[in-house]
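Residues per chain are reported as follows:
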Amino acid sequence: SLQLVNKLVSSGYFILSDNISNASQIDEVLKAGKAQLVVSIQPNFAAEFQKQGVASVQLNADASEPNTASILTAYASAIISDFAAENSGMPQQTLVSVQSRMLYNPDLKSVFMFVPGTMALILMLITAMMTSISIAREKEMGTMEVLLVSPLKPWQIVLGKVFPYIGLGFANALLIIILGYFVFMLPLRGSMLLLLLVTLLFIILALSLGILISTVSKTQQVAMFLSMFALLLPTILLSGFIFPIENMPVPLQWLSLIMPPRWFISALKTIMIKGEGLAFVYKEILVMLGMTIAFLSLSIKKFKIRL
C-alpha cells in the first residue's frame with residue numbers, strides 16, 4: 001500500500017493526509033472544498049493484494065464539478081492500474097478493484113455546472129451593464145447638471161442609481177432558480193434563505209461594479225465597451241464556469257481571485273448542490289462583501305461634482 005501511495009503522490013495531483021480515518025471525514029473534506037478527490041485504501045490492502053491477488057480502492061470525488069471529477073477519477077484509476085500491472089507481472093490483468101463514488105452528482109449531469117455559471121454570467125452582465133450606462137447617459141443627455149445642483153450628495157446619487165436595479169436583478173435571479181429547479185432538475189439541498197441572501201449580495205456587487213465603470217466613462221459607448229471587456233471574458237474564462245481554476249496557469253489562478261463570479265459560483269454550488277450552510281460559505285460572503293464596499297467607495301470617490 002505504501003508503494004501505491006508513493007505512486008499517487010509522485011504524480012503531483014495527490015497529497016498524503018493522516019487527518020482522514022473514516023467515511024464521515026471524507027465527506028467533510030469534500031464539502032469544505034479542501035479536496036476534489038479522496039483515495040481511500042483499505043487497511044488490509046497489502047495483505048489481500050499479496051495473498052489473494054485482489055484488493056480494492058475507493059475513489060471519492062466531488063462531482064459538483066462533473067468534468068473535473070471524471071478527469072481525476074480516470075487519472076487515479078490509470079495510476080492504480082499501472083501499479084497493479086507492475087506488481088503482478090501480468091499487464092493484461094488488473095488486480096486492484098477501483099470503486100468510484102461520485103458525491104452530490106452521481107449521474108455526472110453537466111447541468112450542475114452550467115446552471116450556476118449561467119446564473120452568475122447573466123446577473124453580472126445584465127445588472128452591471130445596465131448600471132454602467134446610467135451616469136454616462138446623464139452626462140451625454142445634459143441632465144447631470146440637474147443632479148449636481150440638487151441638495152443630493154454624491155453618495156446619495158450613486159446609491160440612487162444602484163437601488164432601482166436591485167429589484168430587477170433579484171427577479172431575474174428568482175426566475176433562473178425556478179427554471180433550474182423545475183426544468184433542469186437542479187437540486188436545492190441547502191437553505192433557500194441563505195441562497196437568496198447570497199444572490200442579493202452578488203447583485204449589489206455587480207451593480208456597484210457597473211456604477212464604478214459608469215463614473216469613469218464619459219459616454220455610453222465607452223461604458224458599454226468597458227463593461228463588456230471587463231466583465232464578459234473574465235466571467236467566462238476566469239470564474240471556473242467553463243474551465244476548472246485548478247487547471248489554469250498559476251498567474252491566472254491568482255487573477256481569478258479578484259473575479260466576483262468565482263466566489264458567487266462557489267457559494268451557489270456549496271448551497272444548492274452540497275446542501276451546506278453559512279459555515280461553509282462565509283469566506284465567499286466576506287470576499288463579495290469586501291468587493292462591494294470597495295467598488296461603492298471608489299464610485300463615490302470618482303464621482304465628480306463638477307462637469
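As the structure is a computational prediction, the values presented were derived from the model and not from experiment. (Residues numbered from 1 in each chain as written. Predicted model: local features only at pLDDT ≥ 70, side-chain atom pairs only at ≥ 80, totals over all residues. Heavy atoms only, no water.)

### Quick look at the nonpolar core
Met119, Leu123, Met124, Val198, Phe202, Phe264 and Met288 are the most contacted members of the largest nonpolar core, which has 55 residues in total. Breaking this core down by element, the ones donating at least two residues are helix 2 (23-31), helix 5 (111-132), helix 7 (144-148), helix 8 (154-182), helix 9 (192-215), helix 12 (260-272) and helix 13 (278-302). For Met124, the residues in contact, after removing those within four places along its chain, are Met129, Phe202, Ala206, Leu209, Leu231, Thr235, Pro260 and Pro261. The next biggest cluster of nonpolar side chains, apart from the first, holds 20 residues, and it includes Leu4, Leu8, Ala69 and Ala84. (Core = buried A, V, L, I, M, F, W, Y, C linked by side-chain atoms within 4.5 Å. Buried < 20%, exposed > 50% of the residue type's maximum accessible area, 1.4 Å probe, protein only. Helix = DSSP H or I, 4+ residues; strand = E, 2+ residues; numbered from the N terminus. Contact = heavy atoms within 4.5 Å.)

### Considerations on the side chain of Ser256
The topology assignment puts Ser256 in the loop between helix 11 (250-255) and helix 12. Side-chain polar atoms of Ser256 contact the backbone oxygen of Gln253, separated by 2.6 Å. Contact partners of Ser256, with chain neighbours within four places excluded, come to Leu238, Ile245 and Arg262. (Polar contact = N/O pair within 3.5 Å; in protein donor to acceptor, adjacent residues only side chain to side chain.)

### A few points about helix 9
Because each turn of an α-helix spans 3.6 residues, side chains separated by three or four positions end up pointing in the same direction. The first and last C-alpha atoms of helix 9 sit 35 Å apart over 24 residues, in line with the 34 Å expected at 1.5 Å per residue. Burial within helix 9 is extensive, with 18 of its 24 residues counted as buried. The opening residue of helix 9, the one whose side-chain oxygen lies 3.4 Å from the backbone nitrogen of Leu193, is Ser191. (Expected span 1.5 Å × (residues − 1).)

### With respect to the packing of helix 9 against helix 13
Where helix 9 meets helix 13, the axes come as close as 8 Å, and the angle between the chain directions of the two elements is 25°. As the angle between them shows, helix 9 and helix 13 are arranged roughly parallel. Two packed elements cross with a definite hand, and for helix 9 against helix 13 that hand is left-handed. Of the residues in helix 13, those in contact with Leu194, Val198, Leu201, Phe202, Ile204, Leu205, Ser208, Leu209, Ile211, Leu212 and Thr215 of helix 9 are Leu278, Val281, Ile285, Met288, Leu289, Met291, Thr292, Phe295, Leu296, Leu298, Ser299 and Lys302. Of the residues contributing to the contact of helix 9 with helix 13, the split by class is 18 nonpolar, four polar and one charged. (Axes fitted to C-alpha atoms, helices over the stretch in contact; angles between N-to-C directions. Parallel < 35°, antiparallel > 145°, perpendicular 65-115°, else oblique. Left-handed = near helix turned anticlockwise from the far one by under 90°. Nonpolar A, V, L, I, M, F, W, Y, C, P; charged D, E, K, R; others polar.)

### Focus on the packing of aromatic side chains
Taken as a whole, this structure holds three aromatic pairs when the rule is applied. A ring pair is formed by Tyr181 and Phe182, whose centres lie 4.9 Å apart and whose planes are at 90°; its orientation type is edge-to-face. When the centroid spacing of 4.1 Å and the interplanar angle of 5° are considered together, the rings of Phe202 and Phe264 count as stacked. Taken together, the residues span a long stretch of sequence, with Phe202 in helix 9 and Phe264 in helix 12 at a distance of 62 residues. Across this residue pair, the class does not change: Phe202 and Phe264 are buried. It is Arg262 that lies over the ring of Trp263; its NZ or CZ is 5.1 Å from the centre. (Phe/Tyr/Trp six-rings, centres within 6.5 Å; stacked < 30°, edge-to-face > 60°. Lys NZ or Arg CZ within 6 Å of the ring centre and 35° of its normal.)

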